[in-house]
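What the coordinates show
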Amino acid sequence: MYIGLTTCPHHASGNVGDQLITDASIKLIEDIHGDTDINVHFRREDFTSRLDYVNSSDGILCFGFPILESSTRPNIYRIAEDLAEVEVPIIPIGAVHNFYPGDKEELESRELKSSTKSFLDQVVQNCPNGEMPVRTEWVGQMLRQNGYKTVLTGDPAWYDPEFTDEEFHKPDDIDQLVFTTPHSSHYIEQAEELLRRLARQFSDADRIMVLHSAPTDVDRELFEPARSTGWDIHYASHNVENLDLYRESDLHVGYRKHGHLAHLRWRRPSIVLAEDSRAQGLNETLGTAGFPAFEAREGALRQLGEIHRSIPVRGIYFALRKLGGYDNILPSRKNLIAPPNPTAIDDVFGFIKEQRQNNWEAFDQVQDVIDETYEDGMKPFLESAIDSTN
């Protein structure tokens, strides 16, 4: 029996992308090893009083494995107060690290604090060849900068063993079009314009706006512009079966990384607008089918934006927020260092036009990256990491 730690908060937003990571990871493990007994818990569950249960398992599988700059444990994982008391291996599957803006300048500056590194030092001992498995090349670069060896395994969610070696669906017509909503209010105006332009471009398509989490304030801001331009609303949180409509989709355009990956795993064309480093790192790894939703600035404006990191300035902003003047008096850090990308929507439509003219050839590259990464990275990692615990 294994203990699996999921990133999906079923008690809260029920982000179906997080659930997809868990379900996809288990499916991959069972495709390689056969039926496997895995008891799934939320990643922040505390096991300090249940160490007998933990130590009776064959290992702890960390699906998704988010890495924070500092204090990954206990902010993300609360396996035990003293990890020395954990007698079974902790196995990460698909490590990720998030930062904003998601550009190379910020990537090259990432430095993990000792509170996170002490945890990683213990975890990496259980990884084959001492290599941390990463979802994207950017996560690999960040970890190598901080002294770790890595192996690119890809995001578990971009794999479905049933579709290995399958070619992409390449539609002549767009009969079903999917849009996924952004996480951040930073992109509401951009998303509204994208909804309107997609509706005009594909006026005859069945258009579906999909919510991957329980409705947020950002989603609610988009309900009216979506409905007024003929989009149906589909609530997809909590259960991966709610994504089955993607199997029949002709095209996805949107902000949810795992809306993008769910399409790609089922070999359906998709374009993602990256809100931060997670999706932009994915775009850099796949080499196509995505654009930054932000425009990272350089020079004085970026330096000014970094002042927001200071504790005194944060205090001023919190005070202004309570007074209702946060947005009106001072610009946000995001707007200073990386406002919404003014060319993002044109970039999307230019890519769609090009791909329709060229039989969606970019997705041949996507297929190759996914299939090769599975054979060279994910499959050997799971074969060795899981076997080593038996």
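To keep things clear, this report deals only with the structure shown in the data block. (Residues numbered from 1 in each chain as written. Predicted model: local features only at pLDDT ≥ 70, side-chain atom pairs only at ≥ 80, totals over all residues. Heavy atoms only, no water.)

1. Here's the deal with a negative patch on the surface
A contiguous patch of negative charge, built from Asp-165, Glu-166, Glu-167, Asp-368, Glu-372, Glu-375, Asp-376, Glu-383 and Asp-387, is present on the exposed surface. Checked against the element boundaries, Glu-166 lands in the loop between β6 (149-152) and β7 (176-180). (Patch = residues over 30% accessible without salt bridge, like charges linked within 9 Å, V, L, I, M, F, W, Y side chains within 5 Å. Areas by Shrake-Rupley, 256 points an atom, 1.4 Å probe, with all protein chains shown as cover. Salt bridge = Lys/Arg side-chain N within 4 Å of Asp/Glu carboxyl O. Lys, Arg positive; Asp, Glu negative; His and termini not counted. Charge placed at Lys NZ, Arg CZ, Asp CG, Glu CD. Helix = DSSP H or I, 4+ residues; strand = E, 2+ residues; numbered from the N terminus.)

2. Thoughts on the side chain of Thr-72
Among the secondary structure elements, Thr-72 is positioned in helix α3 (residues 72-75). Leave out the neighbours within four places in its chain, and Thr-72 touches Pro-66, Ile-67, Tyr-77, Thr-116 and Phe-119. (Contact = heavy atoms within 4.5 Å.)

3. Overview of the pairing of strand β2 (residues 38-42)
Here five bridges tie strand β1 (residues 2-6) to β2, and the two strands are oriented parallel to one another. Paired with Ile-3 across the bridge in β2 is Asn-39. Where the polypeptide runs from β1 across helix α1 (residues 16-33) and back to β2, its parallel neighbour, the crossover connection is right-handed. (Pairing = 2+ DSSP bridges. Right-handed = clockwise from strand over helix to strand, strands pointing away.)

4. What to know about the packing of aromatic side chains
Enumeration over the complete set of coordinates arrives at 15 aromatic pairs. Their ring planes at 75 degrees and their centres at 5.8 Å tell us that Trp-158 and Tyr-159 sit as a pair that is edge-to-face. On the numbers, 5.3 Å between centres and 40 degrees between planes, the contact of Phe-168 with Phe-363 is tilted. Of this pair, Phe-168 sits in the loop between β6 and β7 while Phe-363 sits in helix α16 (residues 362-387), and the two are 195 residues apart along the sequence. (Phe/Tyr/Trp six-rings, centres within 6.5 Å; stacked < 30°, edge-to-face > 60°.)

5. Digging into helix α10 (residues 277-286)
In terms of burial, α10 is largely enclosed, as eight of its ten residues are buried. Positive backbone phi, approximately 85 degrees, marks Gly-287, located one or two places after α10. (Buried < 20%, exposed > 50% of the residue type's maximum accessible area, 1.4 Å probe, protein only.)

6. With respect to the side chain of Thr-153
Tracing the backbone shows Thr-153 in the loop between β6 and β7. The exposure class of Thr-153 is buried, given its relative accessible area of 1%. In this structure, Thr-153 is in contact with Gly-94, Pro-133, Val-134, Tyr-159, Thr-373, Gly-377, Met-378 and Phe-381, ignoring residues within four places of it in sequence.

7. Some thoughts on unusual backbone geometry
Note that the residue after Arg-73, namely Pro-74, is joined by a cis bond; omega there is 20 degrees. As for its position among the elements, Pro-74 is in helix α3. Omega for the bond connecting Tyr-100 with Pro-101 falls within 30 degrees of zero, at 0 degrees, which places this linkage in the cis form. Here the phi dihedral of His-238 falls at roughly 75 degrees; this positive angle occurs in a residue that is not glycine. For His-238, the location among the structural elements is in the loop between β9 (232-235) and β10 (251-254). With a relative accessible area of 28%, His-238 lands in the partly exposed category. In this structure, Asn-359 takes a positive phi of about 55 degrees despite not being glycine.

Structural measurements only, silent on function.
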